[in-house]
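Observations on the three-dimensional arrangement
Take a look at the letters that make up each chain.
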Amino acid sequence: MIAIYPGSFDPVTFGHLDIIERASKVVDELIIGVLVNSAKKPMFFREERVSLIEETTKHIPNVTVKTFEGLTVDFAKENKANLIIRGLRAVTDFEIEMQIAQTNHSIEPTVDTMFFTTSLEYAYLSSTIVKEIAGYGSDVSKMVSQVVVDAIKNKQKNSSGVEEK
């Protein structure tokens, strides 16, 4: 079974990694789909996010990372995936994700969605929170891997943010 786990991953957090590790145990192949979210101003270019995810997940043999634009169900079909993985932190996530899952299934009935509830230790965590805390110069090492911490510090030294390519 091939599954995709789509998201902007800007940056990839321990919450994302928790979902990736758990999902990788129930599917044969897990493709992390890094998408462009035009509603958000990214900290990292798409290629940087791919690199950070690859480094963070290199210990998981059945995980690959790809980028995509457009509909998630189209990305799933292109990769012969019949399952979309989504993480849920709270009831509000469920309401939004359920509507998206139902829409995706109506567009492409061969693609289902599987929800993973985030482990309690990461229930508060989001990429937005990481960026905000890092933006004030505070330590985010309990939220993201060291490679991401280093990338954030490097990004802060060299720029005041980026626009998506």
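Above this text you will find the structure in question.
Let me sum up the structure you'll find in this document.

Rules behind the numbers
- Throughout, a residue's number is its position along its own chain's written sequence, starting from 1.
- Only residues with pLDDT of 70 or above have their local features reported here, since the model is predicted, and side-chain atom pairs are shown and tallied only from 80 upward, although totals for entire chains, interfaces and linings are computed over all residues.
- Hydrogens are left out, water is left out, and the side-chain values use all remaining heavy atoms of the structure.
- Each helix is a run of DSSP H or I of at least 4 residues and each strand a run of E of at least 2, with the numbering of both proceeding from the N terminus.
- In this setup the radius of gyration rests on C-alpha atoms only. A globule is expected at 2.2 Å times the number of residues raised to 0.38.
- Here, two residues are considered to be in contact whenever any of their heavy atoms come within 4.5 Å of each other.
- Residue burial considers only the protein chains on display, and all accessible areas are found by Shrake-Rupley using a 1.4 Å probe.
- Positive: Lys, Arg. Negative: Asp, Glu. His and the chain ends are not part of the count.
- Note that the charge is assigned to NZ on lysines, CZ on arginines, CG on aspartates and CD on glutamates.
- Here the term cavity refers to a set of points on a 1 Å grid, laid over the protein atoms alone, in which a 1.4 Å probe fits but cannot get out; the term pocket refers to an open set having protein on both sides within 12 Å along at least five of seven lines, with lining residues being those that place an atom within 4 Å of a point.
- Grid points are joined across faces, edges and corners, and a volume is the space filled by probe spheres set on the points.
- Only protein chains enter the accessibility calculation, which uses a 1.4 Å probe; a residue whose area is less than 20% of its type maximum is buried, one above 50% is exposed, and one in between is partly exposed.
- Two strands pair if DSSP finds at least two bridges between them.
- Handedness rule for crossovers: strands pointing away from the viewer, path from the first strand over the helix to the second running clockwise, crossover right-handed.
- Whenever Lys or Arg places a side-chain nitrogen within 4 Å of a carboxyl oxygen from Asp or Glu, that contact is recorded as a salt bridge.

Digging into the overall build of the chain
When helices and strands are counted, the chain shows 6 helices and 5 strands. Each helix (α) and strand (β) of the chain, taken in turn from the N terminus, gives the series β-α-β-α-β-α-β-α-β-α-α. Its C-alpha atoms give the chain a radius of gyration of 15 Å, near enough to 15 Å, the size a compact globule of 165 residues would have. Seen through its C-alpha atoms, the chain measures out along the principal axes to roughly 45 × 35 × 30 Å. Sequence-distant contacts, at least 24 apart, represent 78% of the contacts inside the chain between residues at least 6 apart. Carbon together with sulfur atoms contributes 53% to the accessible area of the chain, which is approximately 8,900 Å² in total. Each charge class in the chain was averaged separately, 18 positive and 23 negative side chains, and the resulting centres sit 4 Å apart.

What to know about the layout of surface pockets
Quantified by volume, the largest pocket comes out at close to 960 Å³. Along its surface, the largest pocket is lined by 40 residues, and Pro 6, Gly 7, Lys 40, Arg 86 and Glu 97 are the ones closest to its centre. Elements represented by at least two residues in the lining of the largest pocket include exactly β1 (2–7), α1 (14–24), α3 (72–78), β4 (83–88), α4 (91–107), β5 (112–117) and α5 (127–135). It is α4 that provides the largest number of residues to the lining of the largest pocket, a total of 7 residues.

Some thoughts on the pairing of strand β2 (residues 29–35)
The element β2 is largely enclosed, with a buried count of 6 among its 7 residues. Where β1 meets β2, 6 bridges bridge the pair, whose relative direction is parallel. Residue Tyr 5 lies in a different strand from β2, and its bridge partner there is Ile 32. Between the parallel elements β1 and β2, the chain passes through α1 in a crossover that is right-handed. Two elements, β2 and strand β3 (residues 63–68), share 6 bridges in a ladder whose sense is parallel. Paired with Val 34 across the bridge in β3 is Thr 67.

Description of the pattern of salt bridges
Applying the stated criterion to the full structure yields 9 salt bridges. Asp 74 serves as the salt-bridge partner of Lys 77, at 3.8 Å between the closest nitrogen and oxygen. With Lys 77 and Asp 74 both in helix α3 and 3 residues apart, this pair spans about one turn of that helix. When its relative accessible area of 29% is taken as the criterion, Asp 74 is described as partly exposed. Here Asp 93 ties to Arg 89 by a salt bridge, and the two come within 3.2 Å at their closest N and O atoms. Judged by its relative accessible area of 16%, Asp 93 is buried. Assessed through its relative accessible area of 39%, Arg 89 is described here as partly exposed. Through salt bridges with shared partners, one network takes in Asp 74, Lys 77 and Glu 108.

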